[in-house]
Amino acid sequence: MNRQAQACVLLLLGGAVLRASLTDLYLRYVKEELRPFLIAASLLLIAAAVMTLWYDLRPALRRASPDDTDSGDAHHDDHDGHGHHEPRVAWLLILPALGLLLVAPPALGAYAANQSGTSLAAGKLPEYPPLPEGDPAVITVYDYAVRAVFDKGQSIGDRRVKVTGFTVAGGDGRPVLTRMRLSCCAADGLPTKVALSGNTPSGLADDTWIEVTGRYSSQLGRDPVNDFEIPYLEVESWRQVPAPRDPYE
């Protein structure tokens, strides 16, 4: 792979990252707040590729000029054109770019959730701010789970809450409401799991997104992966919804 080929790979990779960053595709890989850094990184890659191409092609452009009579430069440039070659394995660098351009992988879902224990094992919130206004209060799956397990529902009280997540089959046959939580990127994603009781949905396939309205339940289960506590939510109503723009919390 010569320098021109390296520049083309950089250009392709930078363009692929930029395309993903300017659409919602990047949300499959990283948290939303990292978007500016992705855009900046892609622009740097594109700039590096353009500069590499410019400096590598400039001697050839000078040779093509009728005013250029320096045979020494021509000999030197010909030598550069047949210079050292990097290992062919370097061409594998093109695969991530092609992946971003040609493949749109699904977000982490039920399969990933079944391989990992609940994210609550990582620790609890230092404090519990008041729930949002409105009835029901719209909160995240993680917010409900933390309040239910560590605060014993005191910061929820008898208020109704609304949470949105995807379904994962539970051991008792009932679906477990789940949402993947990221620290930085999809590679460190962990599931937050909330078991459902009361008016629970039935017959739903894994990875079905639902919006659930209910109240705090003191019932607790155990995660079969890491044996940590899983809270329950007493379901009053639910409905199937499209997957959100940002599937992670």
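Residues take numbers from 1 onward in each chain, read along the sequence in its written order. Only residues with pLDDT of at least 70 are given local features in this predicted model, and only at 80 or more are side-chain atom pairs given and counted; all residues enter the totals for whole chains, interfaces and linings. Side-chain descriptors were evaluated using all non-hydrogen atoms of the structure, hydrogens and water having been removed beforehand.

A. Examining the pairing of strand S2 (residues 161–169) more closely. DSSP calls a pair of strands paired once it identifies at least 2 bridges connecting them. Labels follow the DSSP assignment, with helices taken as runs of H or I lasting at least four residues and strands as runs of E lasting at least two, numbered in each case from the N terminus. The sheet contact formed by strand S1 (residues 137–138) and S2 spans two bridges and is parallel. Across the sheet, Ala137 pairs through a bridge with Val161, a residue of S2. Taking the sense of rotation as the criterion, the β-α-β connection linking S1, helix H6 (residues 141–150) and S2 turns out right-handed. As paired strands, S2 and strand S3 (residues 175–181) are joined by four bridges and run antiparallel to one another. Within S3, the position partnered with Phe166 by the bridge is Thr178. Taking the residues between adjacent antiparallel strands as the criterion, S2 and S3 are bridged by five residues, where Gly173 takes a positive phi near 90°. If the strands point away from the viewer and the path from the first strand over the helix to the second runs clockwise, then the crossover is right-handed.

B. Highlighting helix H1 (residues 3–21). By this rule the span expected of a helix is its residue count minus one, scaled by 1.5 Å. The end-to-end C-alpha distance of H1 is 27 Å, a good match for the 27 Å that 19 residues give at a rise of 1.5 Å each. Note on classification: 1.4 Å probe, protein chains only; a residue is buried when its accessible area is under 20% of the maximum for its type, exposed when over 50%, partly exposed between these limits. Burial in H1 covers these residues: Ala5, Ala7, Val9, Gly14, Ala16, Val17, Leu18, Ala20 and Ser21.

C. View of H6. For H6, the tally of buried residues reaches nine of 10 residues, placing the bulk of the element in the interior. Within H6, burial applies to Val141, Tyr142, Asp143, Tyr144, Ala145, Val146, Arg147, Ala148 and Val149. Residue contacts are defined here by distance: any two heavy atoms, one from each residue, within 4.5 Å place the two residues in contact. In this structure, the buried side of H6 is in contact with S2, S3, strand S4 (190–198), strand S5 (209–222) and strand S6 (229–240). Just beyond H6, the residue with positive phi is Lys152, at close to 55°.

D. Spatial organisation of the side chain of Arg147. On the secondary structure map, Arg147 appears in helix H6. The term polar contact refers here to a pair of N or O atoms within 3.5 Å; inside protein, the definition further demands a hydrogen-donor-capable atom paired with an acceptor-capable atom, and it admits residues adjacent in sequence only when both atoms are side-chain atoms. Here the side chain of Arg147 touches Ser155 through a polar contact of 3.0 Å, side chain to side chain.

E. How the structure looks around the nonpolar core. Among buried residues, those of type Ala, Val, Leu, Ile, Met, Phe, Trp, Tyr and Cys that are joined through side-chain atoms within 4.5 Å constitute a nonpolar core. Tyr144, Val161, Val163, Leu177, Val194, Val212 and Leu233 are the most contacted members of the largest nonpolar core, which totals 21 residues. The set of elements that each furnish at least two residues to this core consists of H6, S2, S4, S5 and S6. When residues in this core are grouped by element, the largest group, seven residues, is from H6. Discounting residues that sit within four places of it in the chain, Val212 has contacts with Val161, Lys162, Val163, Leu177, Leu233, Val235, Ser237 and Trp238. Core analysis: the next-biggest nonpolar cluster, separate from the first, contains 11 residues, Ala112, Phe166, Leu182 and Tyr248 among them.

F. Here's a closer look at a nonpolar patch on the surface. Together, Met51, Trp54 and Tyr55 give the surface a local cluster of nonpolar side chains, amounting to about 350 Å² of exposed area. The topology assignment puts Tyr55 in helix H2 (residues 35–64). Judged by relative accessible area, Tyr55 falls into the partly exposed class, the value being 48%. Any residue with relative accessible area above 30% and no salt bridge may belong to a patch, with like charges joined within 9 Å and the nonpolar Val, Leu, Ile, Met, Phe, Trp and Tyr side chains within 5 Å. All accessibility values rest on the Shrake-Rupley procedure with a 1.4 Å probe; residue burial counts only the protein chains present in the view. The term salt bridge refers to a pairing of a side-chain nitrogen on Lys or Arg with a carboxyl oxygen on Asp or Glu at a separation within 4 Å.

G. Geometry of the environment of Asp24. Among the secondary structure elements, Asp24 is positioned in the loop between H1 and H2. Note: C-alpha distance between Asp24 and Asp246 (222 residues apart in sequence) is 8.0 Å.

H. Quick peek at the packing of aromatic side chains. Stacked, edge-to-face and tilted are the three classes for Phe, Tyr and Trp ring pairs, Trp counted by its six-membered ring, which pair at centre distances within 6.5 Å; planes under 30 degrees apart are stacked, over 60 edge-to-face, the rest tilted. Under the definition given, this model contains two aromatic pairs. Ring geometry for Phe150 against Phe228: centres 6.3 Å apart, planes inclined by 50°, an arrangement best described as tilted. In this pair, Phe150 is assigned in helix H6 and Phe228 in the loop between S5 and S6, connecting sequence segments 78 residues apart. Exposure remark for Phe228: the relative accessible area of 23% places this residue in the partly exposed category. Judged by centre distance (5.5 Å) and plane angle (65°), the ring pair of Phe166 and Trp209 falls under edge-to-face.

I. Just the pattern of salt bridges, in detail. A complete count under the given rule lists 13 salt bridges for this structure. The salt bridge partner of Asp223 is Lys193, with a shortest N-O separation of 3.0 Å. Taken together, the residues Asp223 in the loop between S5 and S6 and Lys193 in strand S4 connect sequence positions 30 residues apart. A relative accessible area of 7% places Lys193 in the buried class. Residues Asp227 and Arg222 are paired through a salt bridge, measuring 3.6 Å at the closest nitrogen-oxygen approach.

J. Region of the structure containing the pairing of S5. Two elements, S2 and S5, share six bridges in a ladder whose sense is antiparallel. Bridging across to S5, Lys162 finds its partner in Thr213. Examined bridge by bridge, S5 and S6 share 11 bridges and lie antiparallel to one another. Across the sheet, Arg215 pairs through a bridge with Glu234, a residue of S6. The turn linking S5 back onto S6 is made up of six residues, and Asp227 within it adopts a positive phi angle of 60°.

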